[in-house]
Amino acid sequence: MGSQTTVNERNTEAATKRRLTAAKRNAVAELMRVSPIADELAARFSRAGHRLYLVGGSVRDALLGKLSTDLDFTTDARPEQIQRIVSGWAEAVWDTGIEFGTVGVAKHGTTCEITTFRADRYDRVGRHPEVEFGDSIESDLVRRDFTVNAMAVDLATKSFVDPHNGLEALARRTLDTPATPEESFADDPLRMLRAARFVSQLGFEPEPRVVRAMTDMADEIKRITAERVQAELSKLILGSAPRKGIELMVDTGLADHVLPEVPGMRLAIDEHHQHKDVYQHSLKVLEQAIDLETAHEPRLEPDLVLRLAALLHDIGKPATRRFEPGGGVSFHHHEVVGAKMARKRLRALRYPKDVVNDVSQLVFLHLRFHGYGRGEWTDSAVRRYVTDAGPLLPKLHKLVRADCTTRNKRKAAALQRAYDDLEQRIERIAKEEDLAKVRPDLDGNEIMRILGVEPGPIVGKAWKHLKELRLDRGPLGRDEAVAELLRWAAEQGIEVPESNVSDSSEPAESSESASGDSGAEEEGGTDSGK
């Protein structure tokens with residue numbers, strides 16, 4: 001046992017050394033790539049009697065071999081001095097962050113943020129620091145969030161500044177803080193969520209003392225605005241390994257204050273094991289949805305809406321769980337409850353309206369397919385599925401497929417075959433009909449002309465009735481659509497002028513707008529928040 005431990009330790013040390021060597025090689029290559037701009041900028045600061053350092057995430061990313069065209073610098077020059085130094089050199093200069101000591105600069109497609117050394121103080125009650133400028137690179141680095149972000153390169157001497165062993169932490173893929181975690185998180189509690197984000201984005205592991213501090217201080221996140229929390233959470237969700245970041249949030253209690261519905265899915269398994277662990281199932285669905293992201297629609301970027309929907313699709317289960325006679329467990333209408341819960345949570349996190357609507361609609365629709373069985377759906381049901389999903393159909397395809405996490409290979413294969421069959425039917429019907437634009441066979445203007453009514457609720461109700469017929473039967477001929485409209489009007493007690501009835505077989509000269517000024521489409525449209 002002892003010899004095996006020694007071998008493992010040696011292997012770990014060797015891997016760390018290889019990463020250190022690779023990191024240094026990456027840094028040299030990346031810094032050479034940006035050196036024209038960095039060197040020009042450093043020379044201007046040097047002539048003005050100031051030092052300039054590449055710092056923080058830019059150094060980290062250079063060591064990882066993925067330095068972007070957004071560069072971070074720090075300097076002993078004060079903001080007004082920075083502005084004078086870059087004047088005449090930069091193609092654009094902006095001062096939106098100047099109260100925090102930051103001046104923005106653009107040059108040859110590269111964006112630079114140059115910030116005066118900071119030595120901020122926090123009252124640990126409010127959300128913003130008392131901005132104080134510092135006099136040394138060391139005082140600036142110690143106030144940064146993690147040691148992997150507390151490294152700098154002196155651009156005048158090309159010397160590496162690493163007082164907190166950030167390079168070693170980067171090689172070991174670990175997260176630690178320059179000061180104690182308690183001090184760091186008390187200064188800015190958002191750093192706890194940022195730790196989970198780096199776990200997701202970079203694959204780093206937090207040191208035990210960082211995890212302990214996150215656990216002890218989780219409720220401090222309540223000091224942070226919803227907008228800042230949402231920004232970090234979105235970056236976490238869009239990372240390469242969001243499951244690990246979410247697990248860290250849940251294990252430390254941070255999720256209780258950010259996404260309480262997620263830890264709320266950790267249901268106690270009943271003694272007969274009649275249902276899955278909903279929390280673990282949801283994490284698995286998230287991973288499988290990520291694997292399917294490029295299916296149906298090639299993407300260059302991760303899909304925030306799909307990932308949020310995958311994570312939240314079953315959040316309605318705890319509130320709807322029922323133990324049935326005979327030991328079974330049910331979650332009736334959990335998709336309806338879950339859609340409302342998702343909408344409420346995402347609104348509280350200040351997500352944009354389109355994200356809120358799309359995620360909640362996917363949660364609402366994710367269970368619909370399970371009524372498909374072995375293809376018992378009529379063409380009408382398939383049309384409704386497509387119409388209700390609308391432009392979200394490609395995402396719904398992925399979410400439904402990802403939602404299959406059974407270990408029963410025969411059952412999993414049957415579900416995938418059934419969904420293959422549904423997609424084939426959708427494709428067949430789409431070729432025969434324009435499923436992307438399922439609309440009534442008469443538009444709002446024609447409805448008003450035939451019924452002899454002004455714009456108002458009657459037009460919307462008639463439009464909706466004709467759309468339902470369109471979904472049930474497929475495209476209707478004009479004469480059949482007119483007959484159905486007149487039949488509906490008679491049932492509603494609407495008296496149609498005889499002249500309109502005799503003229504109704506002729507289409508209106510111009511009826512390009514399906515709803516026009518009548519408001520019919522809005523009246524008949526689906527509400528994604530249902």
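Residue positions within a chain follow its written sequence, with the count starting from 1. Per-residue local features are limited, in this predicted model, to residues with pLDDT of at least 70; the limit for side-chain atom pairs, both in listing and counting, is 80 or more; totals at the level of whole chains, interfaces and linings are taken over all residues. Note that water and hydrogens are dropped before the side-chain values are worked out from all heavy atoms of the structure.

Trainee: Would you mind going over the overall build of the chain in detail, with residue names and values included?
Mentor: Where helices and strands are cited, they refer to DSSP runs of H or I of at least four residues and of E of at least two residues respectively, numbered from the N terminus. Looking only at helices and strands, the chain features 24 helices and 11 strands. Expressed as a percentage of its 530 residues, the buried residues of the chain come to 48%. We call two residues contacting when some pair of their heavy atoms lies within 4.5 Å. Considering only intrachain contacts with a sequence separation of at least 6, the fraction spanning at least 24 residues in the chain is 69%. Summed over all atoms, the accessible surface of the chain reaches about 25,700 Å², with 49% contributed by carbon and sulfur. Note on exposure labels: buried denotes an accessible area under 20% of the residue type's maximum, exposed denotes more than 50%, and partly exposed covers the range between, all computed with a 1.4 Å probe on protein chains only. Residue exposure ignores everything except the shown protein chains as possible cover, and the areas themselves are Shrake-Rupley values with a 1.4 Å probe.

Trainee: Go over the pairing of strand β4 (residues 102-107) with me, naming the residues and quoting the values.
Mentor: Two faces make up the sheet, and in a regular strand the side chains alternate between them. β4 sits mainly inside the fold: 6 of its 6 residues count as buried. Alternating positions in β4 separate into two faces, T102, G104 and A106 on one and V103, V105 and K107 on the other, with burial throughout. Between any two strands, pairing holds if DSSP finds at least two bridges. Where strand β3 (residues 92-94) meets β4, 3 bridges bridge the pair, whose relative direction is antiparallel. Pairing of W94 across the sheet is with G104, part of β4. Where β4 lies against strand β5 (residues 110-116), 6 bridges are found, and the strand directions are antiparallel. For V105, the partnering residue across the bridge sits in β5 and is C112. Connecting β4 to the next strand, β5, in antiparallel fashion are 2 residues, including H108 with a positive phi near 50°.

Trainee: I'd like a description of the sheet that holds strand β2 (residues 70-75), backed by residues and values.
Mentor: Neighbouring strands of a sheet are bound in pairs by backbone hydrogen bonds; such pairs are parallel or else antiparallel. One open sheet holds the 7 strands; their spatial order is β3-β4-β5-β2-β1-β6-β7, and the pairing between them is mixed. Where the open sheet ends on each side, the last strands, each with one partner, are β3 and β7 (159-161). Across the sheet, the mean angle separating the axes of adjacent strands is 30° when strand polarity is ignored. Note that strand β6 (residues 152-154) and β7 share 3 bridges and pair antiparallel. Axis definition: a line fit to C-alpha positions, over the contact stretch in the case of helices; interaxial angles, taken between N-to-C directions, run 0 to 180 degrees.

Trainee: Tell me about the packing of aromatic side chains, residues and numbers included.
Mentor: The aromatic pairing rule takes the rings of Phe, Tyr and Trp, using the six-membered ring of Trp, and pairs them if the centres are within 6.5 Å, calling planes under 30 degrees apart stacked, those over 60 edge-to-face and the rest tilted. For the coordinates displayed, the defined rule picks out 4 aromatic pairs. Between Y53 and F117, the ring centres sit 6.0 Å apart and the planes meet at 50°, which makes this aromatic pair tilted. Of this pair, Y53 sits in strand β1 (residues 52-55) while F117 is found in the loop between β5 and α4 (137-142), placing the two residues 64 residues apart along the sequence. You'll find Y53 and F117 in the same group, each marked buried. Each ring, one from W377 and one from Y385, has its centre 5.4 Å from the other, and the planes form 55°; the classification is tilted. Taken individually, W377 and Y385 each receive the classification buried, so the pair is uniform in this respect.

Trainee: Help me get a handle on the pairing of β1, residues and values and all.
Mentor: Side-chain alternation along β1 places L52 and L54 on one buried face and Y53 and V55 on a second face that is also buried. Looking at chain direction, β1 and β2 are connected through 3 bridges and run antiparallel. Its bridge partner being in β2, L54 is matched across the sheet by F73. Where β1 and β6 come together, 3 bridges link them in antiparallel fashion. Opposite Y53, over in β6, you have D154 as the bridge partner.

Trainee: Requested: an account of the layout of surface pockets, with residues and values cited.
Mentor: The calculated volume of the largest pocket comes to roughly 1,600 Å³. Taken together, 43 residues form the lining of the largest pocket, with D72, E113, R144, D145 and R194 sitting closest to its centre. Of all the elements in the fold, those that place two or more residues in the lining of the largest pocket are α2 (57-64), β2, β4, β5, α7 (190-202) and α9 (226-237). Element by element, the count of residues in the lining of the largest pocket is highest for α7, at 7 residues. A class-by-class count of the residues in the lining of the largest pocket yields 12 nonpolar, 12 polar and 19 charged. Lining residues are defined by having an atom within 4 Å of a point belonging to a cavity or pocket. Those points lie on a 1 Å grid over the protein atoms alone, cavities being sets where a 1.4 Å probe fits but cannot get out and pockets being open sets with protein on both sides within 12 Å along at least five of seven lines. Grid points are joined across faces, edges and corners, and a volume is the space filled by probe spheres set on the points. The residue classification treats Ala, Val, Leu, Ile, Met, Phe, Trp, Tyr, Cys and Pro as nonpolar and Asp, Glu, Lys and Arg as charged. All others, Gly included, are polar.

Trainee: Describe the nonpolar core, with residues and values.
Mentor: In this text, buried Ala, Val, Leu, Ile, Met, Phe, Trp, Tyr and Cys residues form a nonpolar core when linked through side-chain atoms within 4.5 Å. Among the nonpolar cores identified, the biggest contains 112 residues, and F73 and Y385 are the most heavily contacted of them. Residue contacts for F73: discarding those within four places in its chain leaves A38, L41, L52, Y53, L54, V55, C112, E113, I114, T115 and L155. One finds L469, L485, A489 and I494 within the second-largest nonpolar core, a separate group that totals 18 residues.

Trainee: With reference to specific residues and values, describe the environment of F133.
Mentor: Note that F133 resides in the loop between β5 and α4. With relative accessibility at 31%, the residue F133 sits in the partly exposed group. Taking the C-alpha atoms as reference points, F133 and T115, separated by 18 residues in sequence, lie 9.6 Å from one another. When neighbours within four sequence positions are excluded, F133 is seen to be in contact with R78, P79, F100, G101, T116, F117, R118 and A119.

Trainee: Describe unusual backbone geometry, and please don't skip the residues or the numbers.
Mentor: Positive phi outside glycine occurs at K158, with the angle close to 60°. With respect to the element layout, K158 can be found in the loop between β6 and β7. For H333, which is not glycine, the phi torsion reads 65° and is therefore positive. Checked against the element boundaries, H333 lands in the loop between β11 (329-330) and α15 (334-348). On the basis of relative accessible area, H333 is assigned to the exposed category, the value being 57%.

Trainee: Describe in detail the packing of helix α13 (residues 304-312) against helix α16 (residues 353-365), supporting the description with residues and values.
Mentor: Two elements in contact, α13 and α16, have axes separated by 9 Å at closest approach and are oriented at 45°. Here α13 is positioned oblique relative to α16, judged by the angle of their axes. The hand of the α13/α16 crossing is right-handed. Together, V305, L308, A309 and L312 of α13 and V355, D358, V359, L362 and V363 of α16 make up the contact between the two elements. Of the residues contributing to the contact of α13 with α16, the split by class is 8 nonpolar, no polar and 1 charged. Orientation categories follow fixed angle ranges, with anything under 35 degrees roughly parallel, anything over 145 roughly antiparallel, 65 to 115 roughly perpendicular, and all other angles oblique. Should the near helix be turned counterclockwise from the far one by less than a right angle, the crossing is left-handed, whereas a clockwise turn marks it as right-handed.

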